[in-house]
Amino acid sequence: MELSRKKKRLGDILIEQKVITEDQLKAALAYGRDKKLRVGEALVDMGTIKEIDIAKALQKQLGCEYISLQGFQIEPEVLSLVEDSILKKYCLIPCEFDKTNPNILKVAMSDPMDIMAMDDLSIITNFQIEPVVATTTDIRVAIDKYFGEAAARNVAALYAKERQEHKKATEEDAASAAVNDNIDNSPIVVLVRTIIEQAVRQRTSDIHIEALEERVRVRFRVDGTLKEVMSYEASLIDGIVARVKISGGMDISEKRKPQDGRITQIVDKMEYDIRVSILPTVFGEKIVMRLTSKQGLTKPKSALGFTEDEMNKFDGILANPHGIVLVTGPTGSGKSTTLYTALSELNTEDVNIITVEDPVEANIDGINQVQVNPKAEMTFAAALRSILRQDPDIIMIGEIRDGETAEIAVKASITGHLVVSTLHTNSAAATISRLADMGIEPYLIADATVGVIAQRLVKRLCPECKRTKYADSFEKEVLGVPENAEVAVCMPNGCLKCGGSGYSGRIGVYEIMPITPNIKRVIAAGGDSEQIKEVALREGMSTLRMSAAKLVLQGVTSMSEMKRISFEE
């Protein structure tokens with residue numbers, strides 16, 4: 001397919017295809033001029049349309065083929081035709097030779113009207129270029145997948161070579177070189193930036209950079225599972241740690257104590273907030289970076305994975321004008337996302353919302369967020385006392401860690417404030433017992449608490465490759481279905497699209513317990529978690545295991561994931 005040499009403007013195509021209006025185009029052009037973005041990037045950045053909308057409009061208008069690069073395997077001989085620097089410059093990637101004419105090279109492009117890019121590629125490869133449409137994100141992820149590790153290795157080799165040339169330099173000299181190394185293209189800066197970019201594109205939640213005896217290991221936690229992605233020679237750890245410390249505002253000379261810091265980095269036009277923890281180990285310092293984005297934390301309620309019944313209970317709990325709402329679960333179970341979603345829901349012009357967090361995980365417009373700072377004697381309890389004088393309607397406490405914080409939170413809720421917070425407990429009923437263990441009187445807990453949400457995250461089965469089998473008698477018993485029923489369950493398999501893991505993404509599993517009059521009576525009488533749970537179940541609560549079982553029966557997740565999150569029941 002030969003495109004017309006006369007370039008048509010993307011904005012005109014999108015208007016012709018009725019994807020955007022004239023006014024939206026004008027707004028995007030003005031926004032693009034300010035931010036130095038192309039019109040397509042501006043429209044996506046503003047949230048007017050999605051990348052896929054642009055790709056589909058171009059496909060329709062130009063008659064190009066559309067390709068989804070997720071799960072598409074590009075052969076090595078195709079990849080070897082062009083250097084990755086050219087691919088990044090034009091945001092494209094060769095994907096395959098035409099099946100009917102081997103002289104034609106199909107190239108995935110976010111802008112198939114870029115004549116200059118096609119001419120350059122034709123000269124470099126000596127092939128006739130046929131553009132196919134793909135989204136910008138798909139192309140960047142593909143470039144990262146096929147060239148990212150090699151690029152990182154080249155940078156690491158360059159840094160190692162530099163160190164060899166300055167063999168006489170001491171560790172202090174290496175650290176001071178990293179301090180002065182603010183040049184964007186210096187090897188160690190590029191290496192750290194590349195590791196973070198690769199992590200973001202692989203949907204990583206945590207990056208682990210570990211000093212082992214003979215090498216530096218880099219692992220990414222994707223969908224809750226750690227996997228090794230890179231390995232470098234041991235001499236690189238000092239440079240990497242020094243670079244991360246500088247970026248995170250930490251003390252570069254302190255190597256014996258744990259340190260915490262914070263880095264902000266923009267990847268693919270999205271800002272990521274990175275919490276850094278550095279811990280001294282036997283062979284050097286270990287770095288863990290937790291990646292969060294504002295968009296990731298402030299999801300709409302519909303994206304959390306609530307069923308219709310759970311959504312109604314969630315809305316009912318948030319509708320209370322005062323009281324305590326508690327979200328519980330282990331680290332990494334999505335509590336922060338649920339809290340931020342609740343706050344975004346309650347964030348209107350007529351309410352004053354104040355949060356106390358350690359640390360502030362995402363900045364939300366219209367909410368007053370306070371960072372805990374023990375060095376300045378700004379603890380959760382101290383911050384809460386000050387906040388109560390700030391005329392708040394809603395208070396969010398990052399975590400109730402001690403009796404003092406719990407006591408102030410309870411008093412604040414009884415005096416007419418809605419308080420939302422988190423606790424580390426295994427179930428909704430156990431949360432009430434935890435408050436009692438912290439020294440809060442049962443009658444106060446009963447009076448103050450309006451709802452408890454216990455949650456976990458389970459991995460979603462990859463829809464492309466999941467396998468179905470009939471459940472055996474043990475599985476039927478675990479799922480709570482009759483022995484004589486014929487029940488199908490799904491299992492992970494593994495394909496290109498999910499990277500061989502059999503899973504893609506995660507979904508929340510919830511145990512929502514509104515505090516009804518009957519439950520209040522049990523709490524006030526000093527009932528234990530089993531008694532509270534018994535009443536809650538009679539009133540229609542689904543436990544974590546029951547909620548996970550529904551997802552297994554729907555083919556959303558597997559039996560092994562269900563067992564992993566509900567072993568304690």
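One structure accompanies this document, and this report is about it. (Residues numbered from 1 in each chain as written. Predicted model: local features only at pLDDT ≥ 70, side-chain atom pairs only at ≥ 80, totals over all residues. Heavy atoms only, no water.)

This brings us to the pairing of strand β4 (residues 204–211). For β4, a buried count of seven out of eight residues is recorded, marking the element as mostly surrounded by other parts of the structure. Sheet analysis places β4 next to strand β5 (residues 215–222), joined by seven bridges and oriented antiparallel. By the bridge assignment, alanine 211 is partnered in β5 with valine 216. Count of turn residues in the β4/β5 antiparallel hairpin: three residues. (Buried < 20%, exposed > 50% of the residue type's maximum accessible area, 1.4 Å probe, protein only. Helix = DSSP H or I, 4+ residues; strand = E, 2+ residues; numbered from the N terminus. Pairing = 2+ DSSP bridges.)

Take the nonpolar core next. When a protein is soluble and globular, its nonpolar side chains tend to lie buried together. Core analysis: the biggest nonpolar cluster contains 40 residues, and Ile432, Met513, Ile519, Ile523 and Ile532 have the highest contact counts within it. The contacts of isoleucine 532, once residues within four sequence positions are left out, are Ala429, Ile432, Met513, Ile519, Val522, Ile523 and Gly527. Within the second largest apolar cluster, 39 residues are counted, among which are Val189, Val216, Val222 and Val267. (Core = buried A, V, L, I, M, F, W, Y, C linked by side-chain atoms within 4.5 Å. Contact = heavy atoms within 4.5 Å.)

Attention shifts here to unusual backbone geometry. With the exception of glycine, most residues fall at negative phi, and the peptide bonds are largely trans. Of note in this structure, cysteine 91 is not a glycine but carries a positive phi near 55°. Within the fold, cysteine 91 resides in the loop between α6 (84–90) and β1 (92–97).

Let's shift gears to the environment of serine 253. Tracing the backbone through its elements, the reader meets serine 253 in the loop between α11 (237–247) and β7 (259–267). Take serine 253: its relative accessible area is 59%, and that puts it in the exposed class. C-alpha of serine 253 to C-alpha of threonine 194: the two residues are 59 residues apart in sequence and 25 Å apart in space.

Attention now moves to the sheet that holds β5. Strand order across the open sheet formed by six strands is β6-β5-β4-β9-β8-β7, with antiparallel pairing between neighbours. Each edge of the sheet is formed by a strand with only one pairing partner; in this case those strands are β6 (225–233) and β7. Between one strand and the next, the sheet's axes are offset by a mean angle of 20°, whatever the strand orientation. In terms of strand pairing, β7 meets strand β8 (residues 270–281) through nine bridges, oriented antiparallel. Within the sheet, the bridge partner assigned to glycine 261 lies in β8 and is valine 276. (Axes fitted to C-alpha atoms, helices over the stretch in contact; angles between N-to-C directions.)

This paragraph deals with the pattern of salt bridges. Pairs may arise between side chains of opposite charge once their charged atoms sit close together. Here the structure, examined in full by the defined rule, presents 24 salt bridges. Put simply, arginine 203 and aspartate 223 hold a salt bridge, and the shortest N to O gap is 3.0 Å. Within this pair, whereas arginine 203 is found in the loop between α10 (187–201) and β4, its partner aspartate 223 is found in the loop between β5 and β6, the two being separated by 20 residues in sequence. Residue class for aspartate 223 comes out buried when judged on its relative accessible area of 11%. Salt-bridge contacts for arginine 290 lead to aspartate 206; the nearest nitrogen and oxygen are separated by 3.0 Å. Of this pair, arginine 290 sits in strand β9 (residues 284–293) while aspartate 206 sits in strand β4, and the two are 84 residues apart along the sequence. Its relative accessible area of 26% is what places arginine 290 among the partly exposed residues. Overall, the relative accessible area of 6% leaves aspartate 206 in the buried class. When salt bridges with common partners are traced through the structure, they connect Arg140, Asp144, Arg201 and Asp268 into a single cluster. (Salt bridge = Lys/Arg side-chain N within 4 Å of Asp/Glu carboxyl O.)

At a minimum axis separation of 10 Å, α10 and α11 run at an interaxial angle of 75°. When the axes of α10 and α11 are compared, the pair comes out roughly perpendicular. Contacts between α10 and α11 involve Ile188, Val189, Leu191 and Val192 from the first element and Gly239, Ile240, Arg243 and Val244 from the second. A per-class count over the contact of α10 with α11 returns six nonpolar, one polar and one charged. (Parallel < 35°, antiparallel > 145°, perpendicular 65-115°, else oblique. Nonpolar A, V, L, I, M, F, W, Y, C, P; charged D, E, K, R; others polar.)

With that settled, the discussion passes to the environment of glutamate 197. Within the secondary structure layout, glutamate 197 lies in helix α10. Along the sequence, glutamate 197 and proline 321 sit 124 residues apart, while their C-alpha atoms lie 43 Å from each other. Once you skip the residues sitting within four places of it in the chain, glutamate 197 turns out to touch Asp144, Gln265 and Val267.

What follows concerns the sheet that holds β1. Taken in spatial order, the three strands make up an open sheet running β1-β2-β3, and their pairing is mixed. Looking at which strands have only one partner, the edges of the open sheet turn out to be β1 and β3 (128–133). In this sheet, neighbouring strand axes are inclined to one another by 35° on average, regardless of whether the strands run parallel or antiparallel. Bridge count for strand β2 (residues 104–109) against β3 is six bridges, and the pairing is parallel. The residue bridging lysine 106 from the neighbouring strand is glutamate 130, located in β3. Together, β1, β2 and β3 form the strand contacts of helix α7 (residues 115–125), whose direction differs from that of β3 by roughly 135°.

To continue, consider the side chain of glutamate 357. Tracing the sequence through the fold places glutamate 357 in strand β11 (residues 353–357). The charged side chain of glutamate 357 is buried without a salt bridge, its nearest counter-charge being arginine 262 at 7.6 Å. Within polar-contact distance, the side chain of glutamate 357 engages the side chain of glutamine 369 at 3.1 Å. Setting aside residues up to four positions removed in sequence, glutamate 357 forms contacts with Tyr340, Gln369, Val370, Gln371, Val372, Phe380, Met396 and Gly398. (Lys, Arg positive; Asp, Glu negative; His and termini not counted. Polar contact = N/O pair within 3.5 Å; in protein donor to acceptor, adjacent residues only side chain to side chain.)

A word on α11. Note that an α-helix has 3.6 residues per turn; residues three or four places apart therefore point the same way. With respect to burial, α11 is a largely interior element, eight of its 11 residues being buried. Of the residues making up α11, those classed as buried are Ile237, Gly239, Ile240, Val241, Ala242, Arg243, Val244 and Lys245. Remark: glycine 249 follows α11 within two positions and exhibits a positive phi of approximately 70°.

For the rest of this paragraph, the subject is α10. Over its 15 residues, α10 extends 21 Å from the first C-alpha to the last, a length consistent with the 21 Å expected when each residue adds 1.5 Å. Burial of α10 is extensive: 13 of the 15 residues sit out of reach of the surface. One or two residues past the end of α10 sits arginine 203, with phi positive at roughly 60°. (Expected span 1.5 Å × (residues − 1).)

Honestly, it's all geometry; don't read function into it.
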